[in-house]
Amino acid sequence: MATAKTARKADTRLAERYRALLRQMQLIRRFEEKAGEAYSLGKIGGFCHLYIGQEAVAVGCLSQLRPDDYITATYREHGHALARGLTPRAVMAELFGKATGCSGGKGGSMHLFDASRGFLGGHGIVGGHIPLTAGIGFAIKYREQDQVSVCFFGEAAINNGAFHEALNMAGIWKLPCIFICENNRYGMGTALDRATATWNISERAASYDMAREVVDGQDLLEVMAAMERAVVRARRPAAPTLLEIRTYRFVGHSMSDPIHGHYRTKEEVEAHRKRDPIILWGDRLKADGLIDDAGIEALDAEVKAAVLDAFEFAEQSPDPEPEALWDHVYAPTGEASGIRRQASPAALPPTPDA
Amino acid sequence: MPTLTYRDALNQALREEMARDPDVFLMGEEVGVYQGAYKVSRGLLEEFGPTRVVDTPITELGFAGVGVGAAMVGLRPIIEFMTWNFALLAIDQIVNSAAKMRYMSNGQVGVPIVFRGPAGAALQLGAQHSQSFEAMYAHIPGLKVVMPATPADAKGLLKSAIRDDDPIVFMEGEMLYNTKGEVPDGEHLVPIGVADIKRAGNQVSLFCYSKTVSLALKAAEQLDAEGISAEVIDLRTIRPLDLETVFGSVSRTHRAVIVEEGWPFAGAGAQLVDEIQRGVFDELDAPILRVTGADVPMPYNKHLEKAAKVSPEKVVLAVKRVLYLE
Amino acid sequence: MATKVLMEALSPTMEEGRLVEWKKAEGAAVKVGEILAEVETDKAVMDLQARAEGVLLKQAITPGTTVPVGQLVGVIGSAGEDIAGLLGASAAGSAGVPAPPPASAQARTAAVATTPGATAAAAAATPAPGPAPTPTAGGRVKASPLARRMAADRGVDLAGVQGSGPEGRIVVRDLSTGARVTPGLRAEGEAFIEVPLSQIRKTIAKRLTQSIGPVPTFYLTTEIDMERVAEAREALNQSAQRGGAGEEAAKVSFNDIVLKATAMALRQHARCNAWWQDDRIRYWNEVHLSVAVAIEDGLITPVVRHADQKTLREIAVEVRSLATRARERRLTPDQYTGGTFSVSNLGMFEIDQFTAVINPPEAGILAVGSVQAKPVAVEGRVEVRRRMRVTMSCDHRVIDGATGAGFLRTLKGMLENPLAML
């Protein structure tokens, strides 16, 4: 297991890696700030849920995965997509609904996909994607492979039947799944203790005969360490894990929600802001001599430039072609079964003369 | 050609497809050790083992989602619902996950999955176990809805469904499992989206599917005795609709009656009516009539139940109305 | 006291008369038996005589006016006599008797309205029909989409069609009969079945009734030697085949030749190429031949226009095309109206001879029988020759016996010497 102490003496490769993680978190932070700005400018529509304050969770967890592993996430998934290597351009363009977006402009903020990176979507129904993760884990085991299937969800999802049903099956069948509960303490405006009888979420894993850990989500190193252990359990022979990663959202639930709203105090938000995961990780790298203030500034400038580039790219990208409306409702071919393709109702204009 | 029950024809399709493609597996409640609540999966556990014939807890939402997840990464799951009534618990996975994934991922992630199980009313099972939900699923872009009426079609359509790259809602007639018919051996594929003229006629088109096909055929016989020639079209697939066949028939007969088991409001037949009046308006000599289940939850009492269900007599009456004989 | 002068029946069959000319002016003195006016009857121009003595106080109708028998045409009385009451009462009286609605017509309408249409059994199952359905409720004709389309195809005006569907909706069975659209025709054991009249059947009935009733028809028959026509026809068709144009369409039938000859004969006998138009006769300079064609539920007469100016082959091709369109119900109205003379041929059914019903307003129709080989005397010897009988039905209002006979003689001459035609 890597620690800061070993890192201090470490080879430059590890130092590079740690700096890269700082850069990733900073990229997510600056990206989300820019997304918030673009939203207020009307360039992003619909719902837009920002990840500010939780960056260490996505970056720490995904740093432990292989390229052939699979990830599903909630609708607050810009950070996970970027941490998985989707380009800021592809993600920003998707938020803008442009053809160059990672889902062709047809998914939007809540439905980022990149199958080539095993990033199988942001999903919009709370808890709905947790069984999908179990299914992906089932497929891995079915094929006797050693990938892992990782799922990110908020603490509010744990009271949803889908959570229970999926974890139960993962427990019965020992699926290579890691269920990551990002406990940011509020499901929209409902505090955890108002929604959940048992405050300690990780204990629920006991019901499913599943390994569990409670992790400080603002400490990148702790997140990485816990995730590393979970990945080891999940690779063959497979066993699932429930990670409860405690974190905090520094911004409102969505763009229509003020930073603290009625459900939490300004003081509470300020107190949590003191444990900003990016500052904590930067301080640690500085303390270990892996970076200095100038280095952090340079990194920030680089990240800002990348985000600005993404913004401009998104703005200049074309909208999807009107015909894209009809694409991908069904598979393009049914040749395997000799199915006669015909204009299905979905492929016809909604009105006779439209 | 061998004669099989509808149940055994489905079993044959499952067996053949699982033998043909190692990515195909069957999952659901009681499909393995119990041999299937309706014995459709009889013998499969012994033949293919527990990895490919998977008993689940009673957790429809969960295992439907497991199926969708497995399909997202390339397996071809067959998810059995003990009945489609229970699939209501899984509808988020069918509608929000299976039907949407390809579209919202811009074609990157498909879901080649078959959800199957018995649908419609059997006998005196009461309100929660006697429902026909095809219209609900057919409403959803991204899903295909298949409803075979005969053993041969059951086999041929299930095999096609398993090979299809899109999520399929495959509804079997609970009352059809014991019906018998000739079923071709081996590679018998019935294409999805193609209707079948089960009986030719020239005065009225009877559109039906699944269980209502036999009712329509009975009605057609009765009508024949009265000198009225009815064409019976088994739609076989509710979505996509085989409009070519539908329009062709209406253009010949100029009158249409739709026989459906479900409720009347926004039922599958309502869609057909819309298509016909838009597609071949000038061919119609009478308003299209629908014979549907009564617009009530299914009662338990057998006389009330009978009154709520479609019957050949109701079909005959509707035919006479469109012929202006009533 | 004033006396009414009424239109009198000046012939045994006269129902109305047209006042041609007044012979007495208003104010002129008249004596009984003096001629008041000339009246054209259905047969001739006759004199209307005074039935009273005095002064012709009023000419109630102007020359050229046609009025029914019994209607007031004038008043005779003493000079200065007030006849306003007489005229008023008479006007009211005549207004009250407008060509009395024939009771039979009313009965017919009622019968149609209450005929539910299908089998007796079906009728019994039908709820008692209410008052006669109004097909044009609010001025809109209710018809099924298919009925509407078929009516348009056939040029049928739906406003005149009685609908048998709910609320008088016109449905397909109201437009045509036939098993295809009339269910329940297989009614073994029934004493009878009733099928409502299709529109085309109604039209045929109406028009043929008009013809056979009021049209004073007489018939002229002659037998024509077709030997040379037959030879000419064989030669024509053989040359067509040799010429590489041996399609079916280019073959010439006997009927085509009869049509051509008829057309040419009509040019010489314009008095047979005419329309009866109630108050006048239109003699046509153009020859448009109506050719009777049997179709699934009736017959129709498509028209070969300017038949006299067309070649045999042109006529052959056109007749085939029109017949096909007729059977497919694709004739447009201009293709079956406007004929000046008709030809009906039942030769293909081996009918020797028959009389055809005139197709008003045309004044004549030629009924053509089969071409048969039979023994005939030729220059004192018996020879077997191909012969054909034709019968011309003539509207005597237009064509007199000698006129028709003259036409037939020309036709016969043409067919017996076809070279004269070519």
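Residues numbered from 1 in each chain as written. Chains lettered and ligands numbered in written order. Predicted model: local features only at pLDDT ≥ 70, side-chain atom pairs only at ≥ 80, totals over all residues. Heavy atoms only, no water.

Draft legend 1. Examining the overall build of chain C more closely. For chain C, the count of helices and strands is 10 helices and 18 strands. Taking all 422 residues of chain C together, 41% fall into the buried category. Excluding contacts between residues fewer than 6 apart, the proportion of contacts in chain C whose partners are at least 24 apart in sequence is 61%. When the accessible surface of chain C is totalled, it reaches about 21,700 Å², and 54% of it is carbon and sulfur. (Helix = DSSP H or I, 4+ residues; strand = E, 2+ residues; numbered from the N terminus. Buried < 20%, exposed > 50% of the residue type's maximum accessible area, 1.4 Å probe, protein only. Contact = heavy atoms within 4.5 Å. Areas by Shrake-Rupley, 256 points an atom, 1.4 Å probe, with all protein chains shown as cover.)

Draft legend 2. Region of interest: the pattern of salt bridges. Under the definition given, this model contains 73 salt bridges over all chains. For Arg15(B), the salt bridge identified is with Glu47(B), shortest N-O distance 2.5 Å. Within this pair, whereas Arg15(B) is found in helix H1 (residues 6-20), its partner Glu47(B) is found in helix H2 (residues 44-48), the two being separated by 32 residues in sequence. Relative accessible area serves as the criterion here: at 26%, Arg15(B) is assigned to the partly exposed category. Across the pair Glu305(B) and Lys309(B) runs a salt bridge, and its minimum N-O distance is 3.8 Å. Considered together, Glu305(B) and Lys309(B) belong to a single accessibility category, that of buried residues. Beyond isolated ion pairs, a larger network of salt bridges with shared partners links Glu223(C), Asp225(C), Lys374(C), Arg381(C), Glu383(C), Arg385(C), Arg387(C) and Arg389(C). (Salt bridge = Lys/Arg side-chain N within 4 Å of Asp/Glu carboxyl O.)

Draft legend 3. Molecular detail of the side chain of Gln203(B). With respect to the helices, strands and loops of the structure, Gln203(B) is situated in the loop between strand E9 (196-199) and strand E10 (204-208). Of note is the side chain of Gln203(B), whose polar atom sits 2.7 Å from the backbone nitrogen of Ser229(B). (Polar contact = N/O pair within 3.5 Å; in protein donor to acceptor, adjacent residues only side chain to side chain.)

Draft legend 4. A look at helix H9 (residues 220-234) of chain A. All names here are of chain A. The end-to-end C-alpha separation of H9 is 21 Å, in line with the 21 Å expected for 15 residues at 1.5 Å each. Taken as a whole, H9 has its buried residues at Leu 220, Leu 221, Val 223, Met 224, Ala 225, Ala 226, Met 227, Ala 230, Val 231 and Ala 234. One side-chain oxygen at the N-terminal end of H9 lies 3.0 Å from the backbone nitrogen of Leu 221; it belongs to Asp 219. (Expected span 1.5 Å × (residues − 1).)

Draft legend 5. Geometry of the confidence of the model for chain C. All names here are of chain C. With 74% of its residues at a pLDDT of at least 70, chain C reaches an overall mean of 76. This stretch, residues 90-137, has a pLDDT under 50; its non-local contacts, to residues over four places away or in other chains, come to 27 contacts. Within the model, pLDDT remains below 50 along residues 177-195, and this stretch shows 30 contacts once partners closer than five positions in the same chain are excluded. (pLDDT = per-residue confidence, 0-100.)

Draft legend 6. The environment of Asp288(A), seen in detail. Position of Asp288(A) relative to the elements: it lies in the loop between helix H11 (277-287) and helix H12 (293-316). Here the alpha-carbon distance between Asp288(A) and Ala15(A), two residues 273 residues apart in the chain, equals 9.7 Å.

Draft legend 7. Inspection of the sheet that holds strand E2 (residues 24-28) of chain B at higher detail. Residues and elements named next belong to chain B. A sheet is described by the order of its strands in space; here seven strands give the open sequence E3-E2-E4-E5-E7-E6-E12, paired in mixed fashion. Two strands close off the open sheet at either side, each with one partner strand: strand E3 (53-55) and strand E12 (237-239). When strand polarity is set aside, the average angle formed by the axes of neighbouring strands in this sheet is 20°. Here E2 runs beside strand E4 (residues 76-80); their pairing, made up of five bridges, is parallel. Of the residues in E4, the one forming a bridge with Val 24 is Arg 76. (Pairing = 2+ DSSP bridges. Axes fitted to C-alpha atoms, helices over the stretch in contact; angles between N-to-C directions.)

Draft legend 8. Seen up close, the confidence of the model for chain A. Chain-level pLDDT for chain A is 90 on average; 91% of the residues reach the 70-or-more range. Confidence drops under pLDDT 50 across residues 334-354 of chain A; counting only partners more than four residues distant or on other chains, this segment forms 46 contacts.

Draft legend 9. Molecular detail of the pairing of strand E8 (residues 241-246) of chain A. Residues and elements named next belong to chain A. The element E8 is extensively covered by neighbouring structure, given that five of its six residues are classed as buried. Where strand E4 (residues 177-183) lies against E8, six bridges are found, and the strand directions are parallel. Bridge pairing in E8 links Asn 183 to Arg 246. Taken together, the six bridges between strand E7 (residues 211-216) and E8 define a ladder with parallel strand orientation. The partner of Arg 212 across the bridge, within E8, is Leu 242. In this region the chain leaves E7, passes through H9 and returns to the parallel neighbour E8; the handedness of that crossover is right-handed. (Right-handed = clockwise from strand over helix to strand, strands pointing away.)

Draft legend 10. Spatial organisation of the environment of Phe254(C). Residue and element names in this part refer to chain C. Turning to its location among the elements, Phe 254 is positioned in helix H7 (residues 254-268). On a C-alpha basis, the gap between Phe 254 and Met 226 in space is 9.1 Å, while along the polypeptide they are 28 residues apart. Phe 254 has contacts with Met 226, Val 229, Ala 230, Arg 233 and Val 371, leaving out every residue within four places of it along the chain.

Draft legend 11. Region of the structure containing the interface of chain B and chain A. With 61 residues of chain B in contact, the opposing surface of chain A contributes 50 residues. When chain B packs against chain A, close to 4,400 Å² is buried across both sides, 64% of that on carbon and sulfur atoms. When the buried surface of chain B facing chain A is broken down by residue, Val73(B), Tyr103(B) and Met104(B) rank first, second and third, together holding 16% of it. Counting across the interface, chain B meets chain A through one salt bridge. (Buried area = accessible area lost by both parts, 1.4 Å probe.)

Draft legend 12. Representation of unusual backbone geometry in the model. A cis amide bond links Arg239(B) with the next residue in sequence, Pro240(B), at an omega value of 0°. Among the secondary structure elements, Pro240(B) is positioned in the loop between E12 and helix H9 (243-253). Each neighbour pair has its own omega, and for Pro360(C) with Pro361(C) the value is 5°, a cis peptide bond. Considering the arrangement of structural elements, one finds Pro361(C) in the loop between strand E16 (341-345) and strand E17 (364-378). Despite not being glycine, Lys39(B) shows a phi value in the positive range, around 65°.

Draft legend 13. Spatial organisation of the packing of helix H2 (residues 12-40) of chain A against H9(A). All names here are of chain A. Interaxial distance between H2 and H9 falls to 12 Å at its minimum, and their mutual angle equals 110°. When the interaxial angle is binned, H2 and H9 end up roughly perpendicular. For the pair H2 and H9, the contacting residues are Tyr 18, Leu 21 and Met 25 in the first and Leu 220, Leu 221 and Met 224 in the second. Residues that form the contact of H2 with H9 fall into these classes: six nonpolar, no polar and no charged. (Parallel < 35°, antiparallel > 145°, perpendicular 65-115°, else oblique. Nonpolar A, V, L, I, M, F, W, Y, C, P; charged D, E, K, R; others polar.)

Draft legend 14. Representation of the sheet that holds strand E12 (residues 289-291) of chain C. Residue and element names in this part refer to chain C. Taking strand neighbours across the sheet as the criterion, the six strands line up as E9-E18-E17-E16-E12-E15 in an open arrangement whose pairing is mixed. The sheet is open, and its two edges are formed by strand E9 (217-225) and strand E15 (303-304), each paired on a single side. Where E16 and E17 come together, four bridges link them in parallel fashion. Residue Ser 342 lies in a different strand from E17, and its bridge partner there is Ile 365.

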